[in-house]
Amino acid sequence: MRALVTGGNRGIGYAIAEGLCARGVDVVIGARDVQAGQEAAHELGCASVHLDLEAPDTFAPAVDASGDIDILVNNAGILIEDSMITHPDGLRRSMQVMFHAPFELILLCLPHMTRAGAGRVVNLSSEWGAYSEGMEGPGGYGVAKAALNALSYALPRDMPRGVSINAMCPGWVHTRMGGQAAPRTPKEGADTAIWLALDAPADLTGKFFRDRTEKAW
């Protein structure tokens, strides 16, 4: 079984990759910074590929180099807090990294999953993009995560049999993005993603989770 984890060279992505490796999964981490990806992969004992979510020309080569992907974890994200009106490029970048790129990667991984009759897609989202929580995310972040949530909710109707897709919120995690005040460790933030990738019921799809508990969209 092989998994591709975007942004797996640090933070929550690294913790997800580490947890999957510990469970015997053949892990490939995708990283924008080639050297950082290689160094993280060496530490984890896995493989790495160059994957820049703002450079679509890297998508297909990264997936091809990874081999047949059974688990896709769309983890990588950016936090741009600028006003969407005065700095509209922040929204465009947020949508590219956290919505368009994940969708394109899903499309690239689906042919193998379809042939295998099984596959899992895990989207790292946030309560900041949840309507039930008031979409409190700043700048374009909440909008992009809300779009990712919508994709996770709606895409199952078009997915092939045996392939699931779910979103999850890791909580406020102590990472470069989350900041030093965040109360959760990357390992804690990664737990639900690993559960969705390996242990959740195979027919569980189109749902949103935090701490392995379903949340309202």
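What you see is a predicted model, and the numbers here were worked out from it, not measured in a lab. (Residues numbered from 1 in each chain as written. Predicted model: local features only at pLDDT ≥ 70, side-chain atom pairs only at ≥ 80, totals over all residues. Heavy atoms only, no water.)

Along the backbone of the protein chain there are 6 helices and 8 strands. The order of helices and strands in the protein chain, counted from the N terminus, is β-α-β-α-β-α-β-α-β-α-β-α-β-β. Over its C-alpha trace the protein chain gives a radius of gyration of 16 Å, about what one expects of a compact globule, namely 17 Å for 217 residues. Along the first, second and third principal axes, the C-alpha atoms of the protein chain reach 45 × 40 × 35 Å. In the protein chain, which comprises 217 residues, the proportion classed as buried is 52%. Within the protein chain, contacts between residues separated by at least 24 positions form 64% of all contacts whose residues are at least 6 apart in sequence. Charged side chains of the protein chain number 18 positive and 25 negative; the gap between the two group centres comes to 4 Å. (Helix = DSSP H or I, 4+ residues; strand = E, 2+ residues; numbered from the N terminus. Rg over C-alpha atoms; globule rule 2.2 N^0.38 Å. Buried < 20%, exposed > 50% of the residue type's maximum accessible area, 1.4 Å probe, protein only. Contact = heavy atoms within 4.5 Å. Lys, Arg positive; Asp, Glu negative; His and termini not counted. Charge placed at Lys NZ, Arg CZ, Asp CG, Glu CD.)

Let us now look at unusual backbone geometry. In this structure, Asp211 takes a positive phi of about 50° despite not being glycine. Tracing the sequence through the fold places Asp211 in the loop between strand S7 (208–210) and strand S8 (213–214). Assessed through its relative accessible area of 38%, Asp211 is described here as partly exposed. Positive phi outside glycine occurs at Arg212, with the angle close to 60°. Of note, Arg212 is situated in the loop between S7 and S8. By relative accessible area, Arg212 is classed as partly exposed at 40%.

With 29 residues, helix H4 (residues 88–116) should reach 42 Å at 1.5 Å per residue; the first-to-last C-alpha distance of 41 Å fits that figure. A maximum bend of about 40° is found in H4 at Leu110, where proline Pro111 lies one to four positions downstream. The first or second residue beyond H4 is Gly117, which carries a positive phi of 70°. (Expected span 1.5 Å × (residues − 1). Bend = angle between axes of the 7 residues up to and from the residue.)

The next point concerns the packing of helix H3 (residues 59–66) against H4. Close contact between H3 and H4 brings their axes to 10 Å; oriented N to C, the two are set at 45°. Our classification of the angle between H3 and H4 gives oblique. You can see that H3 and H4 cross each other, and the crossing is right-handed. Between H3, through Phe59, Ala60 and Val63, and H4, the contact on the second element is made entirely by Gln96, Ala101, Glu104, Leu105, Leu108 and Cys109. Here the residues of the contact of H3 with H4 sort into 7 nonpolar, 1 polar and 1 charged. (Axes fitted to C-alpha atoms, helices over the stretch in contact; angles between N-to-C directions. Parallel < 35°, antiparallel > 145°, perpendicular 65-115°, else oblique. Left-handed = near helix turned anticlockwise from the far one by under 90°. Nonpolar A, V, L, I, M, F, W, Y, C, P; charged D, E, K, R; others polar.)

This part is about the side chain of Asn123. As for its placement among the helices and strands, Asn123 is situated in strand S5 (residues 119–124). Here Asn123 falls in the buried class, since its relative accessible area comes to 0%. Reaching out from Asn123, the side chain makes a polar contact with the side chain of Asn74 at a distance of 2.9 Å. Residues contacting Asn123, with those up to four places away along its chain left out, are Asn74, Leu148, Ser152, Ile165, Asn166, Ala167 and Met168. (Polar contact = N/O pair within 3.5 Å; in protein donor to acceptor, adjacent residues only side chain to side chain.)

Grouped together as the largest cluster of nonpolar side chains are 31 residues, with contacts concentrated most on Leu72, Ile106 and Met159. Residues contacting Leu72, with those up to four places away along its chain left out, are Leu4, Leu105, Ile106, Cys109, Met113, Arg120, Val121 and Val122. (Core = buried A, V, L, I, M, F, W, Y, C linked by side-chain atoms within 4.5 Å.)

This next bit is on the packing of H4 against helix H5 (residues 141–154). With their axes 7 Å apart at the nearest point, H4 and H5 run at an angle of 20° to one another. One way to sum up the angle between H4 and H5 is to call them roughly parallel. Between H4 and H5 the crossing geometry is right-handed. Along its contact with H4, which presents Leu91, Ser94, Met95, Met98, Phe99, Pro102, Phe103 and Ile106, the element H5 presents Tyr141, Val143, Ala144, Lys145, Ala147, Leu148 and Leu151. Classifying every residue of the contact of H4 with H5 gives 13 nonpolar, 1 polar and 1 charged.

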